[in-house]
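Below, each chain spelled out in residue letters.
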Amino acid sequence: MDCSGTVLVNIGNHFDLKASVFQAPRRGIYSFSFHVVKVYNRQTIQVNLMQNDYPVISAFAGDQDVTREAASNGVLLMVERDDRVYLKLERGTLMGGWKYSTFSGFLVFPL
Amino acid sequence: MDCSGTVLVNIGNHFDLKASVFQAPRRGIYSFSFHVVKVYNRQTIQVNLMQNDYPVISAFAGDQDVTREAASNGVLLMVERDDRVYLKLERGTLMGGWKYSTFSGFLVFPL
Amino acid sequence: MDCSGTVLVNIGNHFDLKASVFQAPRRGIYSFSFHVVKVYNRQTIQVNLMQNDYPVISAFAGDQDVTREAASNGVLLMVERDDRVYLKLERGTLMGGWKYSTFSGFLVFPL
């Protein structure tokens with residue numbers, strides 16, 4: 001995933017900007033949410049939230065008539081220490097890049 | 001609500017999978033969010049987040065040209081002990097089921 | 001921003017209903033999310049989440065074929081004491097008002 005965007009908040013430094021991977025500093029329940037914005041093109045996109053190599057949830061954006069449309073979803077996840085959580089563009093392309101897209105995660109409570 | 005999906009996280013066991021009802025273990029402020037995905041069909045759906053028998057917020061999905069579209073919303077709610085919070089399909093049908101839909105809630109702080 | 005809606009939760013009284021501005025009671029990481037619903041009209045809307053006078057994230061709704069469509073996004077923000085966080089309609093109009101729209105913020109952890 002090419003993330004040329006800005007990481008607004010990265011307290012604890014557990015988000016790897018280069019690879020756009022969140023690596024859990026400790027075991028617990030985390031809240032993750034994302035809004036991936038596609039710019040007008042002919043393709044449907046599917047975005048997966050991945051935990052290690054497993055797709056947890058998906059979101060879609062497929063309208064061909066609008067300029068910008070977001071594929072959004074969110075989830076509470078039980079995460080083990082050092083688990084890697086990241087977004088994967090499963091289908092389609094983001095020709096215009098990730099502008100306006102967000103990906104947020106925080107610890108709700110430790111286990 | 002027929003929830004044939006997976007409950008990814010259910011710490012405390014306060015989410016009733018059968019009926020898809022969250023029952024609050026204690027008084028406090030909870031964050032709830034949902035993304036209900038409808039598969040291509042001719043109908044507009046309206047999804048309500050219900051607290052007991054009262055609709056708190058609504059979300060809509062009504063595009064007829066796309067394969068999958070989500071009705072999404074989220075809210076902070078003051079919830080009394082034993083209050084029941086759940087989703088209700090107020091309008092339309094989900095012929096393809098609830099696949100890819102999510103419903104999340106967690107305690108932000110107790111009162 | 002004309003917010004004629006209901007504030008469902010305003011613990012701490014740090015949300016100014018009149019101006020729809022959240023003023024941070026203390027320094028910390030806050031989670032903000034919004035869903036601004038536009039009713040059928042010909043215009044594309046762009047909604048900005050503003051921190052003081054700076055736009056942090058944007059969301060768009062531009063489909064002309066649907067009755068109701070939401071411009072949604074969310075973010076974790078590092079906020080200083082007395083910072084003001086609010087929504088701004090950067091482009092377009094909301095002729096039907098803010099019905100069904102939500103704007104939520106809470107402290108994830110203090111700094």
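Our subject in this report is the structure included herewith. (Residues numbered from 1 in each chain as written. Chains lettered and ligands numbered in written order. Predicted model: local features only at pLDDT ≥ 70, side-chain atom pairs only at ≥ 80, totals over all residues. Heavy atoms only, no water.)

Bringing the overall build of chain A into the picture now. A tally of helices and strands in chain A yields 0 helices and 8 strands. Secondary structure elements of chain A, listed N to C terminal, follow the sequence β-β-β-β-β-β-β-β. Within chain A, the fraction of its 111 residues that count as buried is 48%. Pairs at least 24 apart in sequence give 72% of the contacts found in chain A among residues at least 6 apart. Summed over its atoms, the accessible surface of chain A is roughly 5,300 Å², and 48% of this surface lies on carbon and sulfur atoms. (Helix = DSSP H or I, 4+ residues; strand = E, 2+ residues; numbered from the N terminus. Buried < 20%, exposed > 50% of the residue type's maximum accessible area, 1.4 Å probe, protein only. Contact = heavy atoms within 4.5 Å. Areas by Shrake-Rupley, 256 points an atom, 1.4 Å probe, with all protein chains shown as cover.)

Each copy of the sequence occupies a distinct position, and chain A is placed on chain B by a rotation of 120 degrees and an axial shift of 0.0 Å, giving an RMSD of 0.0 Å. These values place the two chain copies in the arrangement generated by a three-fold rotation axis. (Least-squares fit on C-alpha atoms with pLDDT ≥ 70 in both.)

Residues and elements named next belong to chain A. Strand order in the open sheet formed by 3 strands is S6-S3-S8, with antiparallel pairing between adjacent strands. Looking at the sheet topology across the chains shown, the edges are occupied by strand S6 (68-79) and strand S8 (102-110). Averaged over neighbouring strand pairs, the angle between their axes works out to 10 degrees when direction is ignored. Two strands pair when backbone bridges link them, and strand S3 (residues 28-39) and S8 are joined in this way by 8 bridges, in the antiparallel orientation. If you follow Phe 34 over to S8, its bridge partner there is Phe 103. (Pairing = 2+ DSSP bridges. Axes fitted to C-alpha atoms, helices over the stretch in contact; angles between N-to-C directions.)

Moving on, we get to the relation of the copies chain C and chain A. When chain C is brought onto chain A, the operation consists of a screw motion whose angular component is 120 degrees and whose axial shift is 0.0 Å, with 0.0 Å RMSD remaining. Comparing interface residues between copies, only 14% of those in chain C also lie at the interface in chain A; the contact surfaces differ.

Residue and element names in this part refer to chain B. Relative to the assigned elements, Lys 38 resides in strand S3 (residues 28-39). The side chain of Lys 38 sits in the buried core without any salt bridge; Glu 69 is the nearest counter-charge, 4.3 Å away. Setting aside anything within four residues of it in sequence, one finds Lys 38 in contact with Gln 43, Ile 45, Ala 61, Gly 62, Asp 63, Thr 67, Arg 68, Glu 69 and Leu 94. (Lys, Arg positive; Asp, Glu negative; His and termini not counted. Salt bridge = Lys/Arg side-chain N within 4 Å of Asp/Glu carboxyl O.)

This part is about the interface of chain C and chain A. Facing 22 residues of chain C, the contacting portion of chain A comprises 13 residues. The junction of chain C with chain A conceals about 1,500 Å² of combined surface from both sides, 68% of it contributed by carbon and sulfur atoms. Broken down residue by residue, the surface that chain C buries against chain A is led by Phe 60, Asn 73 and Leu 76 of chain C, which jointly contribute 36%. Linking chain C with chain A are 0 salt bridges. Connecting chain C to chain A are 4 residue pairs in polar contact (both at pLDDT 80 or more). Of all the elements in the fold, those that place two or more residues in the side of chain C that touches chain A are strand S3 (28-39), strand S5 (54-61), strand S6 (68-79) and strand S8 (102-110) of chain C. No other element matches S6 of chain C, which puts 7 residues into the side of chain C that touches chain A. In the side of chain C that touches chain A, the residues fall into 12 nonpolar, 7 polar and 3 charged. (Buried area = accessible area lost by both parts, 1.4 Å probe. Polar contact = N/O pair within 3.5 Å; in protein donor to acceptor, adjacent residues only side chain to side chain. Nonpolar A, V, L, I, M, F, W, Y, C, P; charged D, E, K, R; others polar.)

The subject of this paragraph is the sheet that holds S3 of chain B. All names here are of chain B. The antiparallel open sheet is built from 3 strands, whose spatial order is S6-S3-S8. Bordering the open sheet on either side are strand S6 (68-79) and strand S8 (102-110), each of which pairs with just one other strand. Pairs of neighbouring strands in the sheet enclose a mean axial angle of 10 degrees, with direction left out of account.

Here we come to empty space enclosed by the protein. Summed over the entire model, instances satisfying the criterion amount to 4 cavities of 30 Å³ or more. For the largest cavity, the calculated volume is near 550 Å³. Considering the residues around the largest cavity, the lining is formed by 36 residues, among which Glu 69 and Ala 70 of chain A, Glu 69 and Ala 70 of chain B together with Ala 70 of chain C are closest to the centre. Residue assignment for the lining of the largest cavity shows that the elements contributing at least two residues are strand S5 (54-61) and S6 of chain A, strand S5 (54-61) and S6 of chain B together with S3, S5 and S6 of chain C. (1 Å grid on protein atoms, 1.4 Å probe; cavity = no way out; pocket = protein on both sides within 12 Å on 5 of 7 lines; lining within 4 Å. Points joined across faces, edges and corners; volume = space filled by probe spheres on them.)

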